[in-house]
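As a plain string of letters, each chain reads:
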Number of protein chains: 2
Amino acid sequence: MPTPHYGQPRYRTIADELRKRIKTEAIRPGTLLPPEATLTAEFQASRGTIRQAIGVLREEGLVATEHGRGSFAVRRTNPVSNSHHATQQKIPADARLAGLLNVDIGTILVEHESVTLANDRVDSVVRVYRPASPAAIKPASNASTSDNSNPP
Amino acid sequence: MPTPHYGQPRYRTIADELRKRIKTEAIRPGTLLPPEATLTAEFQASRGTIRQAIGVLREEGLVATEHGRGSFAVRRTNPVSNSHHATQQKIPADARLAGLLNVDIGTILVEHESVTLANDRVDSVVRVYRPASPAAIKPASNASTSDNSNPP
DNA sequence: AGAAATTTGTCCGTATGTATC
DNA sequence: AGATACATACGGACAAATTTC
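Since we're looking at a predicted model, the values are computed, not measured.

Trainee: Residue-level account of the nonpolar core, with values.
Mentor: In this structure, A:Ile14, A:Leu18, A:Ile22, A:Phe43, A:Ile50, A:Leu57 and A:Val63 are the most contacted members of the largest nonpolar core, which totals 18 residues. Elements supplying a minimum of two residues to this core: α1 (10-23), α2 (36-43) and α3 (47-59) of chain A. Each residue touching A:Ile50, except ones within four places of it in the same chain, is listed here: A:Ile14, A:Glu36, A:Leu39, A:Thr40, A:Phe43 and A:Ala45. One finds B:Ala15, B:Ile54, B:Leu57 and B:Val63 within the second-largest nonpolar core, a separate group that totals 17 residues.

Written as structure tokens, this is what we have:
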């Protein structure tokens, strides 16, 4: 069989499905996801693809994996309270950000958001914006030194 | 050949070596790493393993990879960054900020905005949000319910 | 305590799709 | 259009951690 992946790759589709099951608590917080072998059978995908899907959820902080044990749906889907908070998402640059970062409006940026704590209370929200791709930055004063690379 | 990997896995060893080249600027900031095929030959490892190694560096923020182009050593921010831009303004909290800061929507926040520089270029925009008046913070809410499983 | 079964981790080789040069 | 380079996907094999018997 070939390996077509127009549009959405397979591992992302699988990640989406598993994410839904976690968010709807079809997979309850703190419990194990089905083992990779089971998911392989259910989704008719190779183990590598299943592992890639789980990797996505791990990066999102939705699951935690342990060698020889399995992948757990992380507890505490609760809003805030005492746990740290750190998210990352991609957003298009508005005029203000575009101007500061020297990119075109609409350029995809990565927004890192975290909070600082003081006495177990959220003290401030910190957001950092950076172009998702360094290549998006518009040229400025280019001197000499013609490299074979011209990215950031 | 079997696949022995006692102790340090291969992909981590390769990541360590590449990291060293970046930190010592043997691979200069902003330039391309060798393509995966070249690294495959040099380290006598499969492409999957090379990709795993690069993935480690990507997570560390040392490299950025672009489809069809390659992986770049990221231009790093200077230790002593002199911010030339810093503003401060008051804004009402939207739902997202209000939830994180535990204040009512519409509560007046102070937004501090600054930028970090790298090689005289703007590298990122940083924004910090804090209630203009600490009195706006609502009394604590509770969490922590029963536990009947024992993962992490 | 020890052996077997289960489950995730690492690594290889190959093939094909997609983006960039 | 062709070459180069990264992305996705498959399949197999063995290693290592955990659990079960």
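Trainee: Explain the protein's contact with DNA strand C to me, using residue names and the numbers behind them.
Mentor: Inspection of the region around DNA strand C gives 26 residues, with A:Arg47, A:Arg51, B:Arg10, B:Thr49 and B:Arg69 positioned closest. Backbone atoms, meaning sugar and phosphate, form 77% of the atoms of DNA strand C found within 4 Å of the protein. Between DNA strand C and the protein, one listed contact pairs a base oxygen with a side-chain N or O atom of B:His67 at 3.1 Å. B:Arg69 places a polar side-chain atom, nitrogen or oxygen, 2.8 Å from a phosphate oxygen of DNA strand C.

Trainee: Run through the pattern of salt bridges, naming residues and quoting values.
Mentor: Applying the stated rule across the entire model yields 23 salt bridges over all chains. A salt bridge links A:Glu111 to B:Arg96; the nearest nitrogen and oxygen atoms lie 2.4 Å apart. Placement of A:Glu111 in strand β4 (residues 108-118) and of B:Arg96 in helix α4 (residues 95-101) is noted, with the two residues assigned to different chains. The class for A:Glu111 is buried, based on a relative accessible area of 2%. Overall, B:Arg96 belongs to the partly exposed group, its relative accessible area being 33%. The residue B:Glu17 makes a salt bridge to B:Arg21 at a minimum N-O spacing of 2.7 Å. Taken together, the residues B:Glu17 and B:Arg21, both in helix α1 (residues 10-23) and 4 residues apart, mark about one turn of the helix. Within this structure, A:Glu17, A:Lys20, A:Arg21 and A:Glu42 form a network of salt bridges that share partners.

Trainee: Let's hear about α1(A): which residues, and what values?
Mentor: Between the first and last C-alpha of α1(A) there are 20 Å, a value that for 14 residues agrees with the 20 Å anticipated at 1.5 Å per step. The first or second residue beyond α1(A) is A:Glu25, which carries a positive phi of 65 degrees.

Trainee: For the side chain of A:Glu111, give the residues involved together with the corresponding values.
Mentor: For A:Glu111, the side chain forms a polar contact with the side chain of A:Tyr129, separated by 2.9 Å. For A:Glu111, the side chain forms a polar contact with the side chain of B:Arg96, separated by 2.4 Å. The residues touching A:Glu111, leaving out its near neighbours within four places in the chain, are A:Thr87, A:Gln88, A:Gln89, A:Ile91, A:Arg127, A:Val128, A:Tyr129 and B:Arg96.

The rules behind each value
Residues numbered from 1 in each chain as written. Chains lettered and ligands numbered in written order. Predicted model: local features only at pLDDT ≥ 70, side-chain atom pairs only at ≥ 80, totals over all residues. Heavy atoms only, no water. Core = buried A, V, L, I, M, F, W, Y, C linked by side-chain atoms within 4.5 Å. Buried < 20%, exposed > 50% of the residue type's maximum accessible area, 1.4 Å probe, protein only. Helix = DSSP H or I, 4+ residues; strand = E, 2+ residues; numbered from the N terminus. Contact = heavy atoms within 4.5 Å. Near = heavy atom within 4 Å. Polar contact = N/O pair within 3.5 Å; in protein donor to acceptor, adjacent residues only side chain to side chain. Salt bridge = Lys/Arg side-chain N within 4 Å of Asp/Glu carboxyl O. Expected span 1.5 Å × (residues − 1).

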